[in-house]
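# Results of the structural survey
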Amino acid sequence: MTIYFDSAARKRRDTPESDAERAARVQLAACYRIFHHLGWTEMIFNHITLRVPGPEKLFLINPFGLHYSEITASSLVLIDIEGNPVRESKWPVNRAGFVIHSAIHGNIEQAHCVMHTHTTTGMAVACLQEGLSPTNFYAAQLHGQVAYHDFEGITVEEGEKARLVRSVGGKRALILRNHGLLAWGASVPEAFMMLWTLQRACDVQIASAGAGALNPIDDRVFAQTVRESGPGEKRTCDDVFAAMVRRIEAADPSYRN
C-alpha cells in the first residue's frame, strides 16, 4: 500500500501552530475517539480529515499506524492538498485514504470535514445493487440526499478524483459501492450528523431485511422528513456532537494531549 512520507517537511517545518489549528486538532482528536466509542473503526485504516482555518488549504489527518483510540491532538498530521506533511512527523500518511478526501476537499469549497468508514452494515448496504432502501426512519431523512460512486479498486489513482467529484455532485452523503460510507460537511458536527444518520439507516436496513416484507414509506412524506431531519439543522448537529464530546471527555480526556 502506497504511503506519503514527510517529503515536504524540510521546506515548511517552521510553520507555526496557530490557535485555530490547535482548536481544530482538539476537535478532530475528539472525533476520532468518538468513532472508536461507536465502533466505527477498521484497525489503523480509514480517515477523518479537517481543514484548518486560514488562507492556505491545509488539513489534519490521522497518522497512519495509530488506532483511533490512540490518536491525540498533537499526533495528528498537518498536510497540504497533495497529502504532503507540512511539518516533520514520525508517522506517514495513507495515500489511498487521502486521494478520496483530497478530491472532495479540493473541489467542494464548503467541504471542510470529510469522513469515511468501513463499518459492517455500511459496507453491506454498499454491496447491495439497490443501495440504501428508503424504508426506515433514518433513510427517509436522507431521501434524495445520497450519492453513489462505483468501485474502481484501491483508491490511489489520481484520475479517479474527477469521477468521484462528479459522483458526489452537491450531495453530502456518499455510498462508495462495494466499499463503504462517506460524508462531508462545513464543520465536524455537520459531517458527523450526516454520517451518523447514514450509518443508522444502514444498521436498520440490514437488521430488518431478513425479518420479513418491508413496509414502504408514502412518497408524500419524504420532503417533510428531509426538511425536519437532524442533518438539516445546524443546532442539532452541534448539540449532538457536543454531547458525544462530553462522553469522551468524561471517559478519557487524553485526546487533548
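The structure presented is a predicted model; accordingly, all values stated were derived computationally and were not measured.

About the thresholds
Residues numbered from 1 in each chain as written. Predicted model: local features only at pLDDT ≥ 70, side-chain atom pairs only at ≥ 80, totals over all residues. Heavy atoms only, no water. Buried < 20%, exposed > 50% of the residue type's maximum accessible area, 1.4 Å probe, protein only. Helix = DSSP H or I, 4+ residues; strand = E, 2+ residues; numbered from the N terminus. Arc of directions from axis to C-beta. Contact = heavy atoms within 4.5 Å. Salt bridge = Lys/Arg side-chain N within 4 Å of Asp/Glu carboxyl O.

So, on to helix α4 (residues 120-127). Of the positions making up α4, those classed as buried are T121, G122, V125 and A126. Within α4, the buried residues cover an arc of 145 degrees as seen down the axis, which keeps them to one side. Elements in contact with the buried residues of α4: β8 (173-176), β9 (180-185) and α7 (188-209).

On inspection of all chains with the given rule, the structure shows 15 salt bridges. Measuring nitrogen to oxygen at the nearest pair gives 3.4 Å for the salt bridge that ties E17 to R25. E17 gets classed as partly exposed once you look at its relative accessible area, which sits at 42%. The class for R25 is buried, based on a relative accessible area of 5%. We note a salt bridge from D239 to R235, for which the minimum N-O separation is 2.6 Å. Of this pair, D239 and R235 both sit in helix α9 (residues 234-251), 4 residues apart, which is roughly one turn of that helix. Exposure remark for R235: the relative accessible area of 61% places this residue in the exposed category. Among the charged side chains, a network of salt bridges with common partners joins E17, E21, R25 and R87.

Before going further, it helps to examine unusual backbone geometry. In this structure, M43 is a non-glycine residue whose phi angle is positive, near 55 degrees. Here M43 shows up in the loop between α2 (19-38) and β2 (47-51). Under the relative-accessibility criterion, M43 is labelled exposed at 59%. With a phi close to 60 degrees, N178 is a non-glycine residue in the positive phi region. Looking at the element boundaries, N178 is found in the loop between β8 and β9.

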